[in-house]
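# Architecture at a glance
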Number of protein chains: 2
Amino acid sequence: MVLNKKTKVPEETISEADFLKIRESILQNIRPNDSEKQRLEAAKSELIEIVCRTAEKFNETDVIPISVGSAERSTWLSGNHDIDLFVSYPEEVSREEMEKRSRRLLMEVAKTGNSWEDRHSEHPYIHIRKDGFEIDLVPCFRVKSASEIKSAVDRTPFHCRFIKERIQGKEDEVLLLKQFMKGTGVYGSEVRNGGFSGYLTEILVIRYGSFENVLKKAAYWRFGENIDLMNHQSQPHSDPLVVTDPTDPNRNVAAALSLTRFSQFVNAAGRYMKNPDIGFFTKPDYPPLSPTDFKKIVSLRGTDWMAVTFPAPKKADDTLYPQLFRLENSLAEILTANDFTVMNTHAFAESEGNCVLLIELASKKLPPLQKRTGPPVWAVENTQSFYDKYKDHPDTFTLKIKNEFIVAEIVRKYQSAEQLIADKILKEAALGRHVRDAVLSGYEIIGIEEICKIKSPAFWKMMNEKLTKQI
Amino acid sequence: MVLNKKTKVPEETISEADFLKIRESILQNIRPNDSEKQRLEAAKSELIEIVCRTAEKFNETDVIPISVGSAERSTWLSGNHDIDLFVSYPEEVSREEMEKRSRRLLMEVAKTGNSWEDRHSEHPYIHIRKDGFEIDLVPCFRVKSASEIKSAVDRTPFHCRFIKERIQGKEDEVLLLKQFMKGTGVYGSEVRNGGFSGYLTEILVIRYGSFENVLKKAAYWRFGENIDLMNHQSQPHSDPLVVTDPTDPNRNVAAALSLTRFSQFVNAAGRYMKNPDIGFFTKPDYPPLSPTDFKKIVSLRGTDWMAVTFPAPKKADDTLYPQLFRLENSLAEILTANDFTVMNTHAFAESEGNCVLLIELASKKLPPLQKRTGPPVWAVENTQSFYDKYKDHPDTFTLKIKNEFIVAEIVRKYQSAEQLIADKILKEAALGRHVRDAVLSGYEIIGIEEICKIKSPAFWKMMNEKLTKQI
């Protein structure tokens, strides 16, 4: 497939064999071998047994463990040691009773792990580390269908069953697609990342049959691409990609996919089909940037940097990041509305550490002169108010009519970006609950010298990627 | 009429008497007295006689002089000594013959003046100074109607007759309206100014009956206001004010009125009707700004100034200014397209001197970092070209997908506004014929120090007005 006429490689030069060679080479590395599979199966069985035994101990005969996730449908990448075990209760059980009973049960199971932690996103669950496996134990209700769920996680067993019934023989295609997505940075549906989920990847393979066929189609996707496996024809969504959930017609499986990740995938798919290369399957490594190198790059870019920092709220990423992104966008909007040229913004948070909202500006300073365009003269009363406000104001340079508008040239109130943000962050910025509490507990507005004092390696890895990445 | 509720003056406090007092006071100064009228009439008669005698001398019995202009319809302001005499030829005469004959005739008449000059706008004519009068001698054709003209000036006698037949008894209203327009800076339809013509002013008075009634209506005009005295209902125009020419239905009398002047008049009319004041009738005087004061003001504004200068083409203002304005706008567009923030631009030309195109910028310098947003990823071929262009370019900082676009961060080519204009003025700027020749003959791009060396008082008067004006 030739996408560019100028640098064209004749279509025939890319053969079936080229794709095959890459597939085989990649699959060798990402397909779990037999002993790895056996270890996982053994760990899964043991875990199920422990849950059943513990339930018996508490005389809970209505509890049924359901294995879900990629471990259950053989679509997991070698080296991945995730086990997702759902512990299901009859839907007649009240939410209160279920939470009480499941807590008692799971705490007992948790003790058999090497370590455990209590996690809470939309729904409480327990995470265990045991013999090298990362295990999620998630309580849920056994509802009749995915469209009648009592809690958000109840649909997962339906997803798992749907995929399991259809994916057999296509597991390698899923592995390849997942690895391609990881390599191109679009895999992972957590809010912070906004990429493709495992379930979504599997649906794509079911829809188009093979890894290469998914990419061949994706290369020509546009905003609003619609995939409706079961022909549910449900109401429209305004997301970049709309994949009707086969088990729940009103849900878009790709609702969490950001426009950027969607577009990255479209672009990467097109480039791969034109020039297949093993490099697409490996995410480049971005080692931490040193503050010295950071300063060198900044000096080449000639931009001004500032950051707002505050203690990271102790919340799950999926709770924290939407609030961080809202604040990030809101700060950029405030700066733009006040004539500052925002080049880039970046959000960073480290649990037990700080949140850092970085802002790169063309300049932190603006000239004193500000042009304020008022209403058109035929908005007579508003024009009069504008005239009254600026006519004899000591900060007015000129007051004129330009085209149909009344225009004042005045002394700018905010000539410094820091001063603007300091003044507006609590008054006008979009502050979600947890971020608001954190900002109120104390925030700083820092410049490049203070930014250079940030110690977190994760921060400097992010900075390296942000400042050097080339697709 | 109360336009603003907050600072409202009860409507009753402005009485008929307030308006009357102002009218009388203004009219005393602008209404020509009897001896002034007699002198003008005498000068007009003498001129007509000279034209007739000279025509006789050349045996040109088909020549008829027609007095037009405000002198003919008694709508001239005291102190104004303009006489417009049209010298008409039968329409059967060829343009060539008419130009030859009229030239011979008018040159002979010109000799009777104290001085004369050959003027040429759209149409050749001769300007004479004689005994304190400014006389335009304009050759034209006597056509049957204003819609069948052979040259642009042929419709003027029709305008004059139309007004003369209807303006009697309303001359004072015209004088007041003209003086109000002069005082508020909207009078004068030459291209450089883009304001109201005398003919337009007279039509407004005929339409609304009195000076105050014109303002009362104008205060609520909006873009596209339509005045159609003779109910011609001709095709629509997209001008701010559309006044169908009573003598030529397809022509908009207000075609040369700029949106700014239209809006200024709407605004001034509203303010006058709310707070009548004698000050509206006097244009503020702007004495030449000294370069020292200019620098002080610039330092308060904190802006960067540059100018493009070149020798003024020896052309009439109405020929030169459209070209200057086009270049002025075109320079602003080039700067804006290259990320510079243009605060203001001003065009100035002095015959026998230089043209100066002034540009006030937030900053003459931009940081090296430039963001270039490419096509959306679903424009597959364009995205590929963009990718190929920037992927391995030494000036590329980053190449990413952001939302649906491919975006490159690159080293900016034009970090200096002067360098940008020097590079683009001949290649991309809109250069009319005369301005192109002048720019090609040599132009300079100067900064504030060189701007301060400009000697022209007219230039520094303009600068004073531009930098301090308050409506």
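Values in this document were obtained by computation on a predicted structure and should not be read as measured data.

### Side note on unusual backbone geometry
All names here are of chain A.
- A positive phi angle is found at serine 74, which is not glycine, with a value near 55°.
- Structurally, serine 74 can be placed in the loop between helix H3 (70–73) and strand E2 (82–90).
- For serine 74, a relative accessible area of 40% translates into the label partly exposed.
- The phi dihedral of aspartate 131 falls on the positive side, at around 50°, and the residue is not glycine.
- Along the chain, aspartate 131 falls in the loop between strand E4 (124–130) and strand E5 (133–142).

### Overview of helix H1 (residues 16–30) of chain A
Residues and elements named next belong to chain A.
- The first and last C-alpha atoms of H1 sit 21 Å apart over 15 residues, in line with the 21 Å expected at 1.5 Å per residue.
- Among the residues of H1, those classed as buried are Phe19, Ile22, Arg23, Ile26, Leu27 and Ile30. Viewed along the axis of H1, the buried residues span an arc of 130°, placing them on a single side of the element. Exposed residues lying more than 90 degrees from the buried face of H1 are Lys21 and Gln28.
- Those residues of H1 that are buried are in contact with helix H6 (171–183), helix H8 (211–218) and helix H9 (259–274).

### Observations concerning the packing of aromatic side chains
- According to the stated counting rule, one finds 40 aromatic pairs over all chains in the structure shown.
- Note on A:Phe211 and A:Phe281: the rings are 5.7 Å apart at their centroids and 50° apart in plane angle, and the pair reads as tilted. Taken together, the residues span a long stretch of sequence, with A:Phe211 in helix H8 and A:Phe281 in the loop between H9 and helix H10 (291–301) at a distance of 70 residues.
- Assessed through its relative accessible area of 0%, A:Phe211 is described here as buried.
- By relative accessible area, A:Phe281 is classed as buried at 2%.
- When the centroid spacing of 6.1 Å and the interplanar angle of 50° are considered together, the rings of A:Trp378 and B:Phe262 count as tilted.

### Considering the pattern of salt bridges
- Applying the stated criterion across every chain, the model contains 70 salt bridges over all chains.
- A:Lys144 is the salt-bridge partner of A:Glu91, the closest N and O atoms lying 3.3 Å from each other. You can see A:Glu91 sitting in the loop between E2 and helix H4 (95–110) and its partner A:Lys144 sitting in the loop between E5 and helix H5 (156–167), a full 53 residues away along the chain.
- Residue A:Lys144 is classed as exposed on the basis of its relative accessible area of 66%.
- In this structure, A:Arg301 and B:Glu409 form a salt bridge, with 3.0 Å as the shortest nitrogen-oxygen distance. Separated into two different chains, A:Arg301 in helix H10 and B:Glu409 in strand E14 (residues 405–411) make up a pair that spans both. An identical accessibility class is assigned to A:Arg301 and B:Glu409; each is buried.

### Overview of the relation of the copies chain A and chain B
- Turning chain A through 179° and shifting it by 0.0 Å along the axis lays it on chain B, with an RMSD of 0.2 Å. What the superposition gives is, in effect, a two-fold axis relating one chain to the other.
- A share of 100% of interface residues in chain A that are also interface residues in chain B marks the association as one of identical surfaces.

### A look at the UniProt feature "domain: tRNA nucleotidyltransferase substrate binding" (unreviewed entry) in chain A
- Mapped onto the present numbering, the UniProt feature "domain: tRNA nucleotidyltransferase substrate binding" (unreviewed entry) falls on residues 172–282 of chain A.
- Taken end to end, residues 172–282 of chain A has its terminal C-alpha atoms 17 Å apart, with 42% of it in helix and 12% in strand.

### What to know about the interface of chain A and chain B
- Of the residues lining the interface, 60 residues belong to chain A; the matching set on chain B comes to 60 residues.
- Between chain A and chain B, the buried area comes to about 5300 Å², and carbon and sulfur atoms account for 56% of it.
- Contact with chain B buries area across many residues of chain A, yet A:Trp378, A:Gln470 and A:Ile471 alone supply 13% of it, more than any other trio.
- At the boundary of chain A and chain B, one finds 24 residue pairs in polar contact (both at pLDDT 80 or more).
- Listed by contribution, the elements that provide at least two residues to the side of chain A that touches chain B are H9, H10, strand E10 (342–349), strand E12 (369–376), helix H12 (380–390), strand E13 (396–402), strand E14 (405–411) and helix H16 (457–468) of chain A.
- With nine residues, H9(A) is the single largest residue contributor to the side of chain A that touches chain B.
- Looking at the side of chain A that touches chain B residue by residue, the class counts come to 25 nonpolar, 17 polar and 18 charged.

### Examining helix H8 (residues 211–218) of chain B
All names here are of chain B.
- Among the residues of H8, Phe211, Glu212, Val214, Leu215 and Ala218 are the ones counted as buried. Buried residues of H8, seen end-on, are gathered within an arc of 160° and therefore sit on one face of the element.
- The secondary structure elements touched by the buried residues of H8 are helix H1 (16–30), helix H6 (171–183), helix H7 (198–208) and helix H9 (259–274).

### Section: the packing of H5(A) against helix H7 (residues 198–208) of chain A
Residues and elements named next belong to chain A.
- Interaxial distance between H5 and H7 falls to 11 Å at its minimum, and their mutual angle equals 35°. The way H5 lies across H7 gives a crossing that is left-handed. Note on element contacts: H7 touches H5 through Tyr199, Glu202, Ile203, Val205 and Ile206, opposite His159, Phe162, Ile163, Arg166 and Ile167.
- Per-class residue counts for the contact of H5 with H7 are seven nonpolar, one polar and two charged.

### As for the sheet that holds E10(A)
Residue and element names in this part refer to chain A.
- Taken in spatial order, the four strands make up an open sheet running E10-E11-E9-E15, and their pairing is antiparallel. Each end of this open sheet is capped by a strand with a single partner; those strands are E10 and strand E15 (444–446). Averaged over all pairs of adjacent strands, the angle between strand axes in this sheet comes to 15°, irrespective of strand direction.
- As paired elements, strand E9 (residues 304–311) and E15 share three bridges and run antiparallel to each other. Directly across from alanine 307, in E15, lies its bridge partner isoleucine 446.
- Strand contacts of helix H13 (residues 417–424): E9, strand E11 (354–361) and E15, with the helix running at about 25° to E9, the strand carrying the most contacts.

### Description of the domain arrangement of chain A
- For chain A, the domain assignment lists domain 1 (34–164), domain 2 (169–281), domain 3 (291–366 + 414–468) and domain 4 (369–411).
- Measuring from the centre of the C-alpha atoms in domain 1 of chain A to the corresponding centre in domain 3 of chain A gives 39 Å.

### A short note on the sheet that holds E14(B)
All names here are of chain B.
- Reading across the sheet, the three strands line up as E12-E14-E13 and stay open at both edges, with antiparallel pairing between neighbours. The open sheet has two edge strands, strand E12 (369–376) and strand E13 (396–402), and neither has a second partner. Adjacent strand axes in the sheet meet at a mean angle of 20° when their direction is disregarded.
- Bridge count for E13 against E14 is six bridges, and the pairing is antiparallel. Note on E14: the bridge partner recorded for leucine 399 is alanine 408.

### As for the environment of A:Trp221
- You can see A:Trp221 is positioned in the loop between H8 and strand E6 (225–227).
- Overall, A:Trp221 belongs to the buried group, its relative accessible area being 1%.
- As a C-alpha pair, A:Trp221 and A:Gly270 span 49 residues in sequence and 9.9 Å in three-dimensional space.
- Once you skip the residues sitting within four places of it in the chain, A:Trp221 turns out to touch A:Leu204, A:Tyr208, A:Ile227, A:Leu241, A:Phe262, A:Phe265, A:Val266 and B:Trp378.

Thresholds applied
- Residues numbered from 1 in each chain as written.
- Chains lettered and ligands numbered in written order.
- Predicted model: local features only at pLDDT ≥ 70, side-chain atom pairs only at ≥ 80, totals over all residues.
- Heavy atoms only, no water.
- Helix = DSSP H or I, 4+ residues; strand = E, 2+ residues; numbered from the N terminus.
- Buried < 20%, exposed > 50% of the residue type's maximum accessible area, 1.4 Å probe, protein only.
- Expected span 1.5 Å × (residues − 1).
- Arc of directions from axis to C-beta.
- Contact = heavy atoms within 4.5 Å.
- Phe/Tyr/Trp six-rings, centres within 6.5 Å; stacked < 30°, edge-to-face > 60°.
- Salt bridge = Lys/Arg side-chain N within 4 Å of Asp/Glu carboxyl O.
- Least-squares fit on C-alpha atoms with pLDDT ≥ 70 in both.
- UniProt positions renumbered as here; feature names shortened; annotations may be inferred.
- Buried area = accessible area lost by both parts, 1.4 Å probe.
- Polar contact = N/O pair within 3.5 Å; in protein donor to acceptor, adjacent residues only side chain to side chain.
- Nonpolar A, V, L, I, M, F, W, Y, C, P; charged D, E, K, R; others polar.
- Axes fitted to C-alpha atoms, helices over the stretch in contact; angles between N-to-C directions.
- Left-handed = near helix turned anticlockwise from the far one by under 90°.
- Pairing = 2+ DSSP bridges.
- Domains from an automatic or database assignment.

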